[in-house]
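# Report on the structure
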Amino acid sequence: MELTELYARSVDLAAEVVDTVRPEHLELATPCGDWTLRRLMGHIVGQHQGFAAAARGAGPDLALWADAPIDDDPPGAFRRTADDLKAAFVEAEAADRKLWLPEIRDGGPFPLHMAVGFQLVDTLVHGWDVAAALGSPSGIAAAVDGDPVLAEALLTVSELVPAGPGNRGPERAFRERRPQGDAYGSFDRALALLGRDPAWTPQN
């Protein structure tokens, strides 16, 4: 199955979660350090815009990746920018274009399949972050675990995220890997690989 198709499926799952976000939720705590849900949503939408710009040939300009302001329609912002990114990935595929990703390692350029894989992981994990902030993280995890191809893609890319010194920490995209118990499903194993606590709650 094409990775772009799997990415589209990841967006659909995350969008189901984001569709439940209301303005009164935006100051909730999230699993992303001290980020509120507003900050997390701004990051997600900003990443959509940065990846779309890269897919259309933009160079390594960090300004294109800035967090986006979030108004009273987080679901609308998510869906508009995610749909635009899906279209941009299709355009990049047709043009056989590599992507400059200035927030990752040396910036690239990266082959399209790697860029799509990075974004697939971000989409599913941040979808879980949103769900956890809202108090219902199990739905997206169960949906991915019930889709073996998508679960395998998530785990495969998560395992490739560098875990050495300097790559993980409070100021990095991911924290140190957590132990993986036998009881973890595929989604929870991916969360642990990326330094997330699968049992996180707002009271942690």
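Preceding block: the structure.
First, a word on scope: everything that follows refers to the structure included in this document. As the structure is a computational prediction, the values presented were derived from the model and not from experiment. (Residues numbered from 1 in each chain as written. Predicted model: local features only at pLDDT ≥ 70, side-chain atom pairs only at ≥ 80, totals over all residues. Heavy atoms only, no water.)

### As for empty space enclosed by the protein
If a probe as big as a water molecule is rolled over the atoms, it shows which places are left empty. What counts, and what does not: Within this scheme a cavity is a closed region of a 1 Å grid, computed over the protein atoms alone, that accommodates a 1.4 Å probe without allowing it to escape, whereas a pocket is open but has protein on both sides within 12 Å along at least five of seven lines; lining residues each have an atom within 4 Å of a point. Grid points are joined across faces, edges and corners, and a volume is the space filled by probe spheres set on the points. Only runs of H or I of at least four residues qualify as helices and only runs of E of at least two qualify as strands under DSSP, and these elements are numbered from the N terminus. In this classification, the charged set is Asp, Glu, Lys and Arg, the nonpolar set is Ala, Val, Leu, Ile, Met, Phe, Trp, Tyr, Cys and Pro, and all remaining amino acids, among them Gly, are polar.
Under the definition given, this model contains 1 cavity of 30 Å³ or more. The computed volume of the largest cavity comes to approximately 80 Å³. The wall of the largest cavity is formed by 13 residues, among which Ile 44, His 48, Asp 122, Thr 123 and His 126 lie closest to the centre. Only helix H1 (3-18), helix H2 (37-55) and helix H4 (112-133) provide two or more residues apiece to the lining of the largest cavity. The element that contributes the greatest number of residues to the lining of the largest cavity is H4, accounting for 6 residues. Among the residues making up the lining of the largest cavity, the classes are represented as 5 nonpolar, 7 polar and 1 charged.

### A short note on the pattern of salt bridges
Cut-off, in case you're wondering: Whenever Lys or Arg places a side-chain nitrogen within 4 Å of a carboxyl oxygen from Asp or Glu, that contact is recorded as a salt bridge. With a 1.4 Å probe rolled over the protein chains alone, any residue whose accessible area is under 20% of its type maximum counts as buried; one over 50% counts as exposed, and the rest are partly exposed.
All chains considered together, the criterion is met by 9 salt bridges. Across the salt bridge formed by Glu 27 and Arg 38, the nearest N and O atoms sit 2.9 Å from each other. Note that Glu 27 is positioned in the loop between H1 and H2 and Arg 38 in helix H2, a separation of 11 residues in sequence. On the basis of relative accessibility, which here comes to 52%, the residue Glu 27 falls in the exposed class. By relative accessible area, which is 33% here, Arg 38 ends up partly exposed. Asp 83 is the partner of Lys 86 in a salt bridge, and the nearest nitrogen-oxygen pair spans 3.4 Å. You can see Lys 86 and its partner Asp 83 sitting in helix H3 (residues 74-95), 3 residues apart, about one turn around the helix. For Lys 86, a relative accessible area of 23% translates into the label partly exposed.

So far we have only geometry, and geometry alone does not tell us how the molecule works.
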